[in-house]
Amino acid sequence: MYTVLFDGAPLVWRPNSPAALHLLTLLAQRPRAARALVALPGTPPFPLPEDIQSVQVDTPARGGGPLSWEQRLLPRLGREQHADLLHVTGENAPLFGRAMTILSPTAPPGGPTPGSRRSMAERLRLAFGQGGRSRARASFWPADLPLPEGREHSPAGVAHFVKLPPSVNPAFKEAAIAPDLELPEDFILYHGPLDERSLQRLLSSWSWAAAAIGEATMLLVLGADPAQKVRLGHLAQINGMQTSVRGLPLLPLEGLAWLYQHCKAVYHPASIGAWEGAMRLGLACGRPLVGLETRLADALVGPAAYLVSGEQEGPAQNRALGAALITVIVEESVSKALEQAARQRSAAWQAQDFRQGLDAAYQGLLDEEASDL
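Quick look at the structure, then.

Cut-offs applied
- Residues numbered from 1 in each chain as written.
- Predicted model: local features only at pLDDT ≥ 70, side-chain atom pairs only at ≥ 80, totals over all residues.
- Heavy atoms only, no water.
- Helix = DSSP H or I, 4+ residues; strand = E, 2+ residues; numbered from the N terminus.
- Rg over C-alpha atoms; globule rule 2.2 N^0.38 Å.
- Buried < 20%, exposed > 50% of the residue type's maximum accessible area, 1.4 Å probe, protein only.
- Areas by Shrake-Rupley, 256 points an atom, 1.4 Å probe, with all protein chains shown as cover.
- Lys, Arg positive; Asp, Glu negative; His and termini not counted.
- Charge placed at Lys NZ, Arg CZ, Asp CG, Glu CD.
- Axes fitted to C-alpha atoms, helices over the stretch in contact; angles between N-to-C directions.
- Parallel < 35°, antiparallel > 145°, perpendicular 65-115°, else oblique.
- Contact = heavy atoms within 4.5 Å.
- Pairing = 2+ DSSP bridges.
- Expected span 1.5 Å × (residues − 1).
- Arc of directions from axis to C-beta.

The helix and strand inventory of the chain stands at twelve helices and 13 strands. A globule of 373 residues ought to have a C-alpha radius of gyration of about 21 Å, and the chain, at 20 Å, matches this closely. Judged by the C-alpha coordinates and their principal axes, the chain covers about 65 × 45 × 40 Å. A total of 373 residues make up the chain; the buried ones form 52% of that total. Total accessible area computed for the chain in this model is approximately 16500 Å², and 51% of it derives from carbon and sulfur atoms. Charge centroids of the chain, computed over 33 positive and 36 negative side chains, lie 5 Å from each other.

Have a look at this one:
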């Protein structure tokens, strides 16, 4: 028996993010030989699985709270709980600590959005978090994606990459429960970054498609916090799209799964990360995908998506994205072909394979540590 302490901050601070969703997958598929414990900086809005133990130290989500959580409280909780491994699905890791740190990257390559303004506490958090990632023992990476560029032969930033079978939370492959919301009959899902630059691109590209697709089909935006919902509504109103764009509240796992299973398409005009992003979830649910062509996206989706070049941003790209959406929604033959390809692409993703791979990876790292002593 070994103890894995999971950083549960995403479940509290960003409960619909890829980091939170992948953490729920890790908990659902945790090895039977592992004692799983979740460290929480507050009470999550949605309950953890009943058989999961947790330890909670209330920590503010703003100011210096996240820095204190990642660099002081997580290592302390690891010591107190005698954790053998600390597993992080967020973007930052502790610089010091007794437990071996493992990363499961969920953010797109390249780091934070360029040009975003950061406070001193945020800059310190980023610097310490990057230092923590550089000292991590391993990074878990899905076997269906190429390693990040420049790391194929001599990985930088972590000791080594460990490839695991691809997987998503079982909820996305089972019959889900509809959320308690008034929803349009036809809708497209956006479940991606919500910074200013991403929102501008989302609405600009949607403006090219909305009229041709028709008023009956709405663009639903997932994962927005209250401030982001206000900004989304303001931008939609400025662009005359307040009736065709809607930000949804934070939802439990089953509600998210239902929306993915019943949308007309998943729209992701953004880069993707390794685990539990919108394109991977869309594949698991057999939905048509529209997004940007990148190295990781190409490898993940193959023929199951209509991808637009991500090299040149601006009006031309927005027009191309809008045209891609129109084609997928209006041309039934295209939509059906993408659905079939998505189902074929994700058919081999088996929860048991992921569980076994995860156990082997944990055990291998512990054996390495023991041999080094």
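Read on for the rest.
With that out of the way, let us pick up the packing of helix α10 (residues 315-330) against helix α11 (residues 332-346). In the contact formed by α10 and α11, the axes pass within 5 Å of each other and the chain directions differ by 90°. With respect to α11, the axis of α10 lies roughly perpendicular. Contact with α10, carried on its side by Thr 327, Val 328 and Val 330, involves Glu 332, Val 334, Ser 335 and Leu 338 of α11 and no other residues of that element.

On to the sheet that holds strand β8 (residues 186-190). With respect to topology, six strands assemble into an open sheet ordered β10-β9-β8-β11-β12-β13, the strand pairing being parallel. Both edges of this open sheet fall to β10 (245-247) and β13 (305-309), since each of them pairs with a single strand only. The mean angle between the axes of side-by-side strands here comes to 30°, regardless of whether they run parallel or antiparallel. Pairing of strand β12 (residues 289-293) with β13, which is carried by five bridges, proceeds in the parallel orientation. Looking across to β13, one finds that Gly 291 is bridged to Leu 307. Packing of helix α5 (residues 196-213) onto the sheet brings it into contact with β8, β9 (217-221), β10, β11 (265-268) and β12, and relative to β9 it is tilted by some 165°.

A separate point is the pairing of strand β2 (residues 34-40). The element β2 is largely enclosed, with a buried count of six among its seven residues. Here six bridges tie strand β1 (residues 2-7) to β2, and the two strands are oriented parallel to one another. Pairing of Asp 7 across the sheet is with Ala 39, part of β2.

Let's shift gears to helix α4 (residues 120-134). The terminal C-alpha atoms of α4 lie 21 Å apart, and with 15 residues this matches the ideal 21 Å at 1.5 Å per residue to within 8%. Every buried residue of α4 is listed here: Gly 129, Gly 131 and Gly 132. One face of α4 carries all of its buried residues, which in axial projection span an arc of 160°. Buried-residue contacts for α4 involve α3 (65-80).

This part is about the pairing of β1. Here β1 lies mainly inside the structure; six of its six residues are buried. By the alternation rule, side chains of β1 split into Tyr 2, Val 4 and Phe 6 and Thr 3, Leu 5 and Asp 7, which are all buried. Looking at chain direction, β1 and strand β4 (residues 85-88) are connected through three bridges and run parallel. Bridging from a neighbouring strand, Leu 5 pairs with Leu 86 of β4.

Any functional reading would require information beyond the geometric quantities listed.
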